[in-house]
Amino acid sequence: MTKIERIRAALCNEATDRLPYGFWTHLPEIDLNPERLAEATAAFATRLDLDFVKSMPNGFYCVEDWGCEIDFSEIAAGGVGKVTRVAVNAPGDWVTLARLAPHQGALGRELRHLAQLTQRLGNGTPVLATVFSPLTIANKLSNGKHRAHLASHPDAVMAGLEIITQATCAFARETIQSGCAGIFFATQDATSQLFDATTYKRVTEAFDHRVLNAAREAGGWFNVLHMHGDDILFDALKDYPVDALNWHIGETPPAIADYRTNGGTRAIVGGLQRTHITQGNLDAVVRDIDAAVAQTQKRGILLAPACVIRHPVDERLILQIINKIKYL
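In every chain, residue numbers begin from 1 and rise along the written sequence. Totals for whole chains, interfaces and linings use all residues, but because this is a predicted model, local features are given only for residues with pLDDT of at least 70 and pairs of side-chain atoms are given and counted only at 80 or more. Hydrogens and water are ignored here; the side-chain numbers use all heavy atoms of the structure.

Undergrad: I'd like to hear about the pairing of strand S6 (residues 224-227), residue by residue, with values.
TA: For every residue, the accessible area obtained with a 1.4 Å probe (protein chains only) is divided by the maximum for its type, and the residue is called buried under 20%, exposed over 50%, and partly exposed between those limits. In DSSP terms, a helix is any run of H or I states spanning at least four residues, a strand is any run of E spanning at least two, and both are numbered starting from the N terminus. Side-chain alternation along S6 places Val 224 and His 226 on one buried face and Leu 225 and Met 227 on a second face that is also buried. Each pair of strands is called paired provided DSSP finds at least two bridges between the two strands. For strand S5 (residues 182-187) and S6, the ladder comprises four bridges, and the chain directions are parallel. Residue pairing across strands places Phe 185 opposite Leu 225, the latter belonging to S6. Crossover handedness is defined by viewing with both strands directed away from the observer: a clockwise path from the first strand over the helix to the second marks the crossover as right-handed. Once the chain exits S5 it traverses helix H8 (residues 197-217) before rejoining the sheet at S6, and the crossover so formed is right-handed. In the sheet, S6 pairs with strand S7 (residues 244-247) via four bridges, with the strands oriented parallel. Bridge pairing links Met 227 to Trp 247 in S7.

Undergrad: Residues and numbers for helix H13 (residues 315-326), please.
TA: The terminal C-alpha atoms of H13, which comprises twelve residues, lie 16 Å apart, in line with the 16 Å expected from a rise of 1.5 Å per residue. Leu 317, Ile 318, Ile 321, Ile 322 and Ile 325 are the residues of H13 that are buried. Angularly, the buried residues of H13 cover 140 degrees about the axis, an arc narrow enough to put them on a single face. Contact between two residues is taken to exist if any of their heavy atoms lie within 4.5 Å; hydrogens are not considered. In the core, the buried residues of H13 are packed alongside helix H2 (34-48), strand S8 (267-272), helix H11 (274-278), helix H12 (282-296) and strand S9 (301-305). Polar contacts, as counted here, are pairs of nitrogen or oxygen atoms within 3.5 Å of one another; within protein the pair requires one atom able to donate a hydrogen and one able to accept it, and residues that are adjacent in sequence qualify only if both atoms are side-chain atoms. The residue sitting at the N-terminus of H13 and contributing the capping side-chain oxygen is Asp 314; that oxygen lies 3.1 Å from the backbone nitrogen of Arg 316. Residue count minus one, scaled by 1.5 Å, sets the expected span of a helix. Directions from the helix axis toward the C-beta atoms define the arc.

Undergrad: Report on the packing of aromatic side chains, specifying residues and quantitative values.
TA: Any aromatic ring pair is given by two values, namely how distant the centres are and how the planes are angled relative to each other. The pairing test for Phe, Tyr and Trp rings, Trp by its six-membered ring, is centres within 6.5 Å, and the orientation test on the planes gives stacked under 30 degrees, edge-to-face over 60, and tilted for anything in between. The final tally for this structure, using the stated rule, is eleven aromatic pairs. An angle of 75 degrees between the planes, with centres 6.0 Å apart, marks the rings of Trp 247 and Tyr 259 as edge-to-face. With Trp 247 in strand S7 and Tyr 259 in helix H10 (residues 256-261), the pair connects residues that are twelve residues apart, well separated along the chain. Put simply, the rings of Trp 24, Phe 52, Phe 184, Trp 221 and Phe 222 touch in pairs and so form one group of aromatic residues. Residue placement shows Lys 54 over the ring face of Phe 184; its charged tip is 5.0 Å from the ring centre. Lying over the aromatic face of Phe 60, Lys 140 brings its terminal NZ or CZ to 4.6 Å of the ring centre. Charge-over-ring contacts are defined here by two conditions on Lys NZ or Arg CZ: a distance within 6 Å of the ring centre and an angle within 35 degrees of the ring normal.

Undergrad: Quick one: what's the story with the sheet that holds S8, residue by residue and with numbers?
TA: Taken in spatial order, the seven strands line up as S1-S4-S5-S6-S7-S8-S9 in an open sheet, and their pairing is parallel. Both outer strands of the open sheet, strand S1 (53-54) and S9, are each paired with one neighbouring strand and no more. The angle between two axes is taken between their N-to-C directions and runs from 0 to 180 degrees, where each axis is a line fitted to C-alpha atoms and a helix contributes only its stretch in contact. Seen against the sheet, helix H5 (residues 134-142) touches strand S4 (127-132) and S5 and runs at an angle of roughly 55 degrees to S4. Seen against the sheet, H12 touches S8 and S9 and runs at an angle of roughly 150 degrees to S8.

Undergrad: So, the pattern of salt bridges: which residues are in play, and what are the values?
TA: Any carboxyl oxygen of Asp or Glu that lies within 4 Å of a side-chain nitrogen of Lys or Arg is treated as forming a salt bridge with it. Applying the stated criterion across every chain yields a total of 14 salt bridges. Linking Arg 210 and Glu 162 is a salt bridge whose minimum nitrogen-to-oxygen distance equals 2.8 Å. Of this pair, Arg 210 sits in helix H8 while Glu 162 sits in helix H7 (residues 154-177); the two residues are 48 residues apart in sequence, bridging distant segments of the chain. A residue is classified by how much of its surface remains accessible, and Arg 210, at 33% relative accessible area, is partly exposed. A salt bridge links Asp 243 to Arg 216; the shortest N-O distance between them is 3.4 Å. A residue pair is termed long-range when its members are at least 10 positions apart, and Asp 243 in the loop between helix H9 (234-237) and S7 and Arg 216 in helix H8 qualify at 27 residues. Take Asp 243: its relative accessible area is 17%, and that puts it in the buried class.

Undergrad: Which residues make up unusual backbone geometry, and what values do they have?
TA: Note the cis peptide between Pro 253 and Pro 254, where omega equals 5 degrees. Along the polypeptide, Pro 254 turns up in the loop between S7 and H10. Between His 311 and the following residue, Pro 312, the backbone shows a cis peptide bond with an omega angle of 0 degrees. Residue position: Pro 312 is located in the loop between S9 and H13. Phi at Asp 231 takes a positive value of approximately 55 degrees, unusual for a residue other than glycine. Counting through the fold element by element, Asp 231 comes out in the loop between S6 and H9.

Undergrad: Got a sec to walk through the environment of Ala 206? Specific residues and values, please.
TA: Position of Ala 206 among the secondary structure elements: in helix H8. With 202 residues separating them along the chain, Ala 206 and Ile 4 place their C-alpha atoms 30 Å apart.

Undergrad: Can you break down helix H1 (residues 3-11) residue by residue, with the values?
TA: Taken together, the buried positions of H1 are Lys 3, Arg 6, Ile 7, Ala 9, Ala 10 and Leu 11. On its buried face, H1 sits against S7, S8 and S9. At the C-terminal side of H1, Asn 13 shows a positive phi close to 60 degrees.

Undergrad: So what about the pairing of S8? Which residues, and what values?
TA: Among the six residues of S8, six are classified as buried, and the element is accordingly described as predominantly covered. Direction of pairing for S7 relative to S8: parallel, over a ladder of two bridges. Its bridge partner lying in S8, Leu 245 is registered against Ile 268. Assessed by its sense of winding, the connection that carries the chain from S7 through H10 to S8 is right-handed. In the sheet, S8 pairs with S9 via five bridges, with the strands oriented parallel. Directly across from Ile 268, in S9, lies its bridge partner Ile 301.

Coordinates in, geometry out; function isn't part of it.
So, in structure tokens, the structure goes:
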């Protein structure tokens, strides 16, 4: 099977010659340079012979054009970026957000990266563009003030989410035009620690669906929903219009078996706990693989980490994991 044939079969819960897999990590200090980022990502994918590639831009490209300033200094040591200057402080700031054009600024930089990445990899290796949900972008724009603003000035926040959604839809369409097979749609607010399911669906479901539909209508055939964090609102998101689901399996419910037993049929991208990979615990990763295989009977599973592997990554360990996968 080719990589595309293998992935398409897995997305349809059909038998594959072997389980498809993908891995991704941060690429600090070069992820603001589209040429170097595309080159490094393509080289990483080639060395590991990945079946699919998730793009790894910096996690704040989606808010830079609205004026956020970010400190990336801790990423190289395994930390995360931090917004040091937000675009939204007061509720009235939501309605004055600029109308962004996808080919300008940081969004344009990311589209150049994706175009070069897909060109370097050719047509045989599907690429997923990382696209953040409108509510996740609102969180980053305000350093979490969006929840308080929703309580005090809901109309202003909803107006801001409309502006964000329009920009995100346009960007999602362009990622497919750049050669991507689909988007990796990251939701980072869909946890019971931040929202109850009813509020989450009321506030953001329609916006999320617009972005996902924009990617599909542009030709995306491999769209993945990433549900980030603990205590995720799984039931509120599991029926989103996507081709596969990704969540922190083994760290937050549900287990794969529970999802399948309850009638869930979407393909799953995941099964590997990133902390096991980051810690270099090969035995634990093998147990993750065995559990994923046992719970899916090798159907509808694309083995991958639940989230980004912290930098720096041990490629020798990844190759050991891949050898285990290839000989299942």
